[in-house]
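Below, each chain spelled out in residue letters.
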Amino acid sequence: MTTFKSLGLNAPLLKAVEKLGFETPTEVQNKVIPILLNDKTDLVALAQTGTGKTAAFGFPMLQNIDLSLKSTQGLILSPTRELCLQITNEMEQYGSELKQINIVPIYGGANITEQANKIRRGAQIIVATPGRLKDMIRRKLVDISNISYCVLDEADEMLNMGFYEDIKSILTNTPENKSAWLFSATMPPQVHTIAQKFMNKPIEITVGTKNAGTKSVDHQYFIVGGRERYSALRAVLGMNPDIFGCVFCRTKIETQKVAEKLIQDGHKAAALHGDLSQNQRDAVMQSFRKKKIQLLIATDVAARGIDVDDITHVINYQLPDEIETYTHRSGRTGRAGKLGTSIIFVTKSDRRKIKLIENKLQTKITEIEMPSAEVIFKNKVEHWIEQIKNTTVKSDFHPFIEQTVKGFEDLDKETLIELLLSREFRSFELHPKELSFSDDNRNGRESSSRSEGRFSDKVINAPGDKDRFFINLGSRDQYEWTTLKDFVRSYLKLGMDDVFQVEVMKNFSFFSTHKKHRDLVLKSFENLNLDNRNISVELTKKGKTFPPSSRGKKTKNTKSKKKY
Ligand code: AMP
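It should be emphasised that the depicted structure is a prediction, and the values quoted were computed from it without experimental measurement. (Residues numbered from 1 in each chain as written. Predicted model: local features only at pLDDT ≥ 70, side-chain atom pairs only at ≥ 80, totals over all residues. Heavy atoms only, no water.)

Here's the deal with the overall build of the protein chain
A tally of regular secondary structure across the protein chain gives 20 helices and 20 strands. The 564 residues of the protein chain split such that 50% are buried. Relative to all contacts within the protein chain whose residues are 6 or more apart in sequence, the contacts with residues 24 or more apart total 75%. By element, 50% of the accessible surface of the protein chain is carried by carbon and sulfur atoms, the whole surface being about 28000 Å². (Helix = DSSP H or I, 4+ residues; strand = E, 2+ residues; numbered from the N terminus. Buried < 20%, exposed > 50% of the residue type's maximum accessible area, 1.4 Å probe, protein only. Contact = heavy atoms within 4.5 Å. Areas by Shrake-Rupley, 256 points an atom, 1.4 Å probe, with all protein chains shown as cover.)

In structure tokens form, the structure reads like this:
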């Protein structure tokens, strides 16, 4: 059995390994560390996040850095700020026993002067996102002209995100004789091009795809009607009350809507998408990491680089266009030796895509039948019983036991349990009348009548429950749906979820509120004047989403591209 010592790591690094509790090297570490420690070579490694690849390039880089010099010797490029900070954190832990090491992250959306100051104090290793690094090179705030090591981490993600030109420009600022190490989960043509153009006879390493198609992830699919996705999601949640999961949607609008519906239904959920500010995104991620929220509803772009170890389920609310995106999604679960489940909601007509994924991943995707409301209920009750049995007894209540027992004296056990059950699950409908549910929200439009459907325990947005308003502010006025929503609800002093289904057009927008707020909305905006302009808010005609007085163009965000 190999050990970190037999791979050639020096004493301070071995001490860090011990502190971290790493017992044996992972496959990528076994393959990569000896090469990078002993040979001055370029390297291309196919390895996913979660395989231990950061340590695979991190240890050799740390061991080879000349600590007596303050100049920048190592550069690590990563696709997102999130990942950039994670890598920095990992590298700091790996180098925790190296006294003079200084690792500095630089990324967009933060104060550039502060970052430049940190670099000026001497950063032997820089971890950077491509956009910010290019900017700092241009402003001569960073000098990478003498680096010895350059890592392109998650190269496929960086190229997916459109960083090709930035990477090219950055690499032309690095010396010819550096060692370039490229890590990527997949090898699309653009990554190949980078390797060919900018690397010198790289050694190629492939690591068994840890997360895709291995036993650590159980892949399942549900056949759903086009309008049943939300019901299916509720069913999955009902069957997995302890879920800690990530739900992937295709559009920002759908992401927000699903999150809002879940919150309204009493789940601890939050949306993560590109219309949120960096601070909002950080807050969401922090809550998710700390498990204050159970469900993260995310777009693929916003979820890039997320590295949370305990995710139990990945739910594909809709299939992505590219199979590779599915690999990335499902790779968020089944990590760090734990088992995970990846669930796909697929319509009958799209079922053939399941076969394509099976072929590509070389794994079986099992069809799961949608559980009935009875089965879900039974499961919920079992979970509730378990929770009660596992409750820690609070001895402070002891003096009140007698009083409580007395209070229930006239009830037999069955009746008492029935009452408790009815109270706990008062909103769960075993036999709902309304079965249809529309979440067919392409273009961000909502249907005018909708109910929660089969597995609902609460009916929201039922016909007649909400009002839809037109407002003469739009993207022309620099509003996006999040900022307009914030403006309307803060102006009306309403709560977070009281204004919903916000749809921003060029010259005007729509939003919905509960009917009880109708007067408040109409009266509050009556005499509002912003920048010498009268703000007009009107009720839309039932079911119509064009302005009361003029027709407008709808926003376009439908993806028709299908690559299966
Ligand atoms: P990465 O693939 O670099 O994102 O690493 C995934 C996680 O595995 C990180 O939290 C590392 O700290 C951890 N890790 C890396 N190498 C080992 C190892 N040899 N043994 C146990 N955990 C490791």
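Resuming the write-up.
Regarding the pairing of strand 16 (residues 499–504)
Burial runs high along strand 16: 6 of the 6 residues are buried. Note that strand 16 and strand 17 (residues 509–514) share 4 bridges and pair antiparallel. Within strand 17, the residue paired with E503 across the bridge is F510. The antiparallel pairing of strand 16 with strand 17 creates a hairpin that spans 4 residues between the two strands. (Pairing = 2+ DSSP bridges.)

Section: the site of the ligand
As a matter of local geometry, the ligand sits amid 15 residues, with T24, Q29, G50, G52 and T54 nearest to it. Within the backbone of T24, one N or O atom sits 2.9 Å away from a nitrogen atom of the ligand. At 3.2 Å from an oxygen atom of the ligand is found a side-chain nitrogen or oxygen belonging to E90. Considered on its own, the ligand offers 500 Å² of accessible surface; in the complex 78% of this is hidden by protein. Those elements giving two or more residues to the shell around the ligand turn out to be helix 4 (53–64) and helix 5 (81–94). Class assignment of the residues belonging to the shell around the ligand gives a composition of 4 nonpolar, 8 polar and 3 charged. (Near = heavy atom within 4 Å. Polar contact = N/O pair within 3.5 Å; in protein donor to acceptor, adjacent residues only side chain to side chain. Nonpolar A, V, L, I, M, F, W, Y, C, P; charged D, E, K, R; others polar.)

So, the packing of helix 6 (residues 112–120) against helix 7 (residues 130–138)
Look at helix 6 against helix 7: their axes get within 12 Å of each other, and the N-to-C directions meet at 70 degrees. Comparing their axes, helix 7 and helix 6 come out roughly perpendicular. Here helix 6 contributes I112, Q115 and A116 to the contact with helix 7, which in turn contributes R132, D135 and M136. Its residues assigned to classes, the contact of helix 6 with helix 7 comprises 3 nonpolar, 1 polar and 2 charged. (Axes fitted to C-alpha atoms, helices over the stretch in contact; angles between N-to-C directions. Parallel < 35°, antiparallel > 145°, perpendicular 65-115°, else oblique.)

Things to note about helix 3 (residues 27–38)
Quick reminder: α-helices carry 3.6 residues per turn. Residues three or four places apart thus point the same way. When the terminal C-alpha atoms of helix 3 are compared, their 18 Å separation across 12 residues agrees well with the 16 Å that a helix rising 1.5 Å per residue should span. All of the buried residues along helix 3 are V28, Q29, V32, I33, I35, L36 and L37. Elements in contact with the buried residues of helix 3: helix 1 (4–7), strand 1 (43–46), helix 4, strand 6 (179–184) and strand 7 (203–206). (Expected span 1.5 Å × (residues − 1).)

Quick look at the environment of L411
Looking at where L411 falls in the secondary structure, it is placed in the loop between helix 17 (398–407) and helix 18 (413–424). Dropping the residues within four chain positions of it, L411 is found in contact with L416 and L419.

Focus: the confidence of the model for the protein chain
Residue-level pLDDT values for the protein chain average 83, and 88% of them are 70 or greater. Here residues 210–214 is modelled with pLDDT under 50, and outside its nearest four sequence neighbours on either side it reaches 22 contacts, counting other chains as well. Segment residues 433–463 is flagged for pLDDT under 50; beyond a separation of four residues in sequence, or across chains, it makes 108 contacts in the model. (pLDDT = per-residue confidence, 0-100.)

A closer look at the pattern of salt bridges
Under the defined criterion, the tally for this structure stands at 26 salt bridges. The partner of E503 in a salt bridge is R468, and the shortest N-O contact between them spans 3.1 Å. One end of the pair, E503, is in strand 16; the other, R468, is in strand 15 (residues 466–471), and 35 residues separate them in sequence. Comparing E503 with R468 shows no difference in burial state: the two are buried. For the salt bridge of R489 with D486, the shortest nitrogen-to-oxygen distance reads 3.0 Å. A residue pair is termed a helical-turn pair when its members lie 3 or 4 positions apart in one helix, as R489 and D486 do in helix 19 (residues 481–491) at 3 residues. A single network of salt bridges, built from pairs that share partners, joins K15, K19 and E97. (Salt bridge = Lys/Arg side-chain N within 4 Å of Asp/Glu carboxyl O.)

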